[in-house]
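Observations on the three-dimensional arrangement
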Amino acid sequence: APTLPTVEILREMMDEKDLWPINKEVWDYLDGNGFHLMTTMYTDLVNNYGKSSSIDEFAQKGQLLGAINSKSIWEVWNYNKLDYGDRFCSGLLFWYHNCSMRQVSSRMWDWSLEPTASLYHTANSLEPLHAQFDYLKNTVSVVNDYYRSFNNYKVIARVYDINSRKVYEESASVNLPEDGVANDVLTIRFPENISQVHFIKLVLKDEKGKDVSSNFYWRSNDKYEGSKTLTGPASSGFEDLNKLKAANVKLSYKARQADGRYFVDITLKNTSGGIAFFNQLQFLNSKMSPIRPSFYSDNFFSLVPGEKKTVTIETAEEKLTEGAVLVLKGWNVTTQKYKLK
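None of these values were measured; they are calculated from a predicted model.

**A look at the overall build of the protein**
- Counting its regular elements, the protein contains 6 helices and 15 strands.
- In terms of C-alpha radius of gyration, the protein reaches 20 Å, essentially the compact-globule figure of 20 Å for 341 residues.
- Seen through its principal axes, the protein has C-alpha atoms that stretch 50 × 50 × 40 Å.
- For the protein, the proportion of its 341 residues judged to be buried stands at 55%.
- Expressed as a percentage of contacts within the protein between residues at least 6 apart in sequence, the contacts between residues at least 24 apart total 62%.

**Remarks on the sheet that holds strand β3 (residues 150–160)**
- Sheet architecture is open: 4 strands sit in the order β4-β3-β6-β7, paired in antiparallel fashion. Since the sheet does not close on itself, it has two edges, and those belong to β4 (166–176) and β7 (211–220), each with one partner. Here the strands of the sheet are splayed against their neighbours by 15° on average, with no regard to which way each runs.
- As paired strands, strand β6 (residues 197–205) and β7 are joined by 9 bridges and run antiparallel to one another. Each residue of the ladder has a partner; that of isoleucine 200, found in β7, is tyrosine 217.

**Things to note about unusual backbone geometry**
- Here the bond from tryptophan 20 into proline 21 is cis, since omega is -10°, no more than 30 degrees from zero.
- Along the chain, proline 21 turns up in the loop between α2 (16–19) and α3 (24–29).
- Along the chain, arginine 292 connects to proline 293 via a cis peptide bond; the corresponding omega equals -10°.
- Within the fold, proline 293 resides in the loop between β10 (276–284) and β11 (295–296).

**Concerning the sheet that holds β11**
- Read from one edge of the open sheet, 4 strands run β8-β9-β13-β11, paired in antiparallel fashion. The open sheet has two edge strands, β8 (249–258) and β11, and neither has a second partner.
- In this structure, β11 lies alongside strand β13 (residues 308–316), joined through 2 bridges in antiparallel fashion. Along β13, the bridge assignment pairs tyrosine 296 with isoleucine 313.

**Section: the packing of aromatic side chains**
- All chains considered together, the criterion is met by 23 aromatic pairs.
- Both rings, one in phenylalanine 133 and one in phenylalanine 190, keep their centres 6.1 Å apart while their planes meet at 85°; by these two values the pair is edge-to-face. Taken together, the residues span a long stretch of sequence, with phenylalanine 133 in strand β1 (residues 129–133) and phenylalanine 190 in the loop between β5 (181–187) and β6 at a distance of 57 residues.
- Exposure remark for phenylalanine 190: the relative accessible area of 16% places this residue in the buried category.
- Counting every residue linked through ring pairs, the aromatic cluster contains Tyr120, Phe199, Phe216, Trp218, Phe277, Phe278, Tyr296, Phe300 and Trp331.
- Across from the ring centre of phenylalanine 190, 3.8 Å away, lies the NZ or CZ of arginine 219, which sits over that ring.
- Between lysine 309 and the ring centre of phenylalanine 301, over which it is positioned, the NZ or CZ distance is 5.4 Å.

**Let's talk about helix α6 (residues 117–125)**
- Of all 9 residues in α6, 7 are buried, a share of seventy percent or more.
- The set of residues buried in α6 consists of Ala117, Ser118, Tyr120, His121, Thr122, Asn124 and Ser125.
- Along its buried surface, α6 packs onto α5 (55–79), β1, β7, β10 and β11.

**Remarks on the pattern of salt bridges**
- This structure, assessed with the given rule, holds 21 salt bridges.
- One salt bridge connects glutamate 169 with lysine 166, and the closest N-O pair in it is separated by 2.7 Å.
- Lysine 166 gets classed as partly exposed once you look at its relative accessible area, which sits at 46%.
- With a closest N to O distance of 2.9 Å, glutamate 307 and lysine 201 form a salt bridge. Of the two residues, glutamate 307 is situated in the loop between β12 (301–303) and β13 and lysine 201 in strand β6; the sequence distance between them amounts to 106 residues. Across this residue pair, the class does not change: glutamate 307 and lysine 201 are buried.
- Linked through salt bridges whose partners overlap, the residues forming this network are Arg11, Glu16 and Asp56.

The rules behind these values
Residues numbered from 1 in each chain as written. Predicted model: local features only at pLDDT ≥ 70, side-chain atom pairs only at ≥ 80, totals over all residues. Heavy atoms only, no water. Helix = DSSP H or I, 4+ residues; strand = E, 2+ residues; numbered from the N terminus. Rg over C-alpha atoms; globule rule 2.2 N^0.38 Å. Buried < 20%, exposed > 50% of the residue type's maximum accessible area, 1.4 Å probe, protein only. Contact = heavy atoms within 4.5 Å. Pairing = 2+ DSSP bridges. Axes fitted to C-alpha atoms, helices over the stretch in contact; angles between N-to-C directions. Phe/Tyr/Trp six-rings, centres within 6.5 Å; stacked < 30°, edge-to-face > 60°. Lys NZ or Arg CZ within 6 Å of the ring centre and 35° of its normal. Salt bridge = Lys/Arg side-chain N within 4 Å of Asp/Glu carboxyl O.

Have a look at this one:
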């Protein structure tokens, strides 16, 4: 389950003429003779989000695919943890974690230490209290990795159509067993006339009504035709994402320094009536190249109307000799740039 590196990293790997249209010979060379199927199966899956007209568009869609790849792996493990699900699973071995050289098939980060969407969707999936959706059963489960139980919690599922209208909401009370899973605590019943592409927002609240976990999915109406196909509500039929209307995200930030480290504390709020989909923060130098390594508390996230979020970026002060630029870009959000140094 690879993830394409971000477009900035791809541009460091090869000439522009080989980036787009994709030069299969060059890309396959940078994929162990096509070992990870980046120019075949991965490209076909990216194209399920609509054919791209540039490497920037293709790379952005590649992050969407990488995010859902990683989320699927970890949430299937969550569901089946220690015999709570359909089968017994005591652990999970994640092969090929670090890239030993520049490749078009990275994982949570590439050879140059630039994170991909996989890292943040993995982190979300493995948070100690976690609400998650099952694409095949349409059920919601809640995972507890703490060595203590939690009672009188509440999980809420909201569904939004392509116009960002909330078309469904359901909640359920849940008691979470120690180091266990409360599986299938509610079933989402999607309206028959729901748009081809739609979105799911899950929120978990504690006994005092405080949010302790949230999760976000994009889903299609496509039917899953089996493991030998590239089909299903998590894999195909996402062309209509291009119909998502523009959204507005208000960003404010504050920089601080301590003990040789440089921090940027960022507050974001979706001030529009539409979903701000798949937003990416970037910490770049004056040449618009990623400052590496930089550590983001979260990234590649979506915001429903009115939702607010805070993110912190951390790097070493010594990395800022070539300046620093904060960038926000998203699927349906106008790119914003702020010069910090």
